[in-house]
Amino acid sequence: MARSRAAGHTRRQPFLPALVSILFLLPCLTAPARALTGLVEIPQNLESEFRVPGYVPDEVLVQFREPQGRYAMARAAREEGGELAEEVTPDGLARVRLGPGSSVRAAMDQWMRR
């Protein structure tokens, strides 16, 4: 402790408050932690219900260019060798069940050419 000449009493050095301030600010100056990347395994309780192949093997969703009635969609599905399973939305989205021996890839190509 140093003695003040004018007042004749001792004064504290600001050492302790400065040290405490530095110790509190030091973590702010360090680099942020990096996120873990490249996780190989997904914890079992966080795993989604998605499974390969990621599609229904004997069905495709078809979006008609223009909204059509149920009869027109069913006729188009029959022309492509399938059957209309469901009219999903009124704007022309339909679920089409493929015929026996048809693959999803071939059906998609066929519908895209239509």
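This is a predicted model, so every value here is computed, not measured. (Residues numbered from 1 in each chain as written. Predicted model: local features only at pLDDT ≥ 70, side-chain atom pairs only at ≥ 80, totals over all residues. Heavy atoms only, no water.)

(A) Layout of the pattern of salt bridges. Applying the stated criterion across every chain, the model contains seven salt bridges. Across the pair Arg95 and Glu86 runs a salt bridge, and its minimum N-O distance is 3.1 Å. The exposure class of Arg95 is partly exposed, given its relative accessible area of 22%. Sharing partners across several salt bridges, the network here consists of Glu59, Glu83, Glu86, Arg95 and Arg97. (Salt bridge = Lys/Arg side-chain N within 4 Å of Asp/Glu carboxyl O. Buried < 20%, exposed > 50% of the residue type's maximum accessible area, 1.4 Å probe, protein only.)

(B) Examining the sheet that holds strand 5 (residues 93-97) more closely. The three strands lie next to each other as 3-5-4, forming an open sheet whose pairing is antiparallel. Sheet topology places strand 3 (59-63) and strand 4 (83-87) at the edges, where each strand pairs with a single neighbour. Across the sheet, the mean angle separating the axes of adjacent strands is 35 degrees when strand polarity is ignored. In this structure, strand 4 lies alongside strand 5, joined through four bridges in antiparallel fashion. Counted as the bridge partner of Glu86 is Arg95 from strand 5. Packed onto the sheet, helix 2 (residues 70-79) meets strand 4 and strand 5 and runs at close to 145 degrees relative to strand 4. (Pairing = 2+ DSSP bridges. Helix = DSSP H or I, 4+ residues; strand = E, 2+ residues; numbered from the N terminus. Axes fitted to C-alpha atoms, helices over the stretch in contact; angles between N-to-C directions. Contact = heavy atoms within 4.5 Å.)

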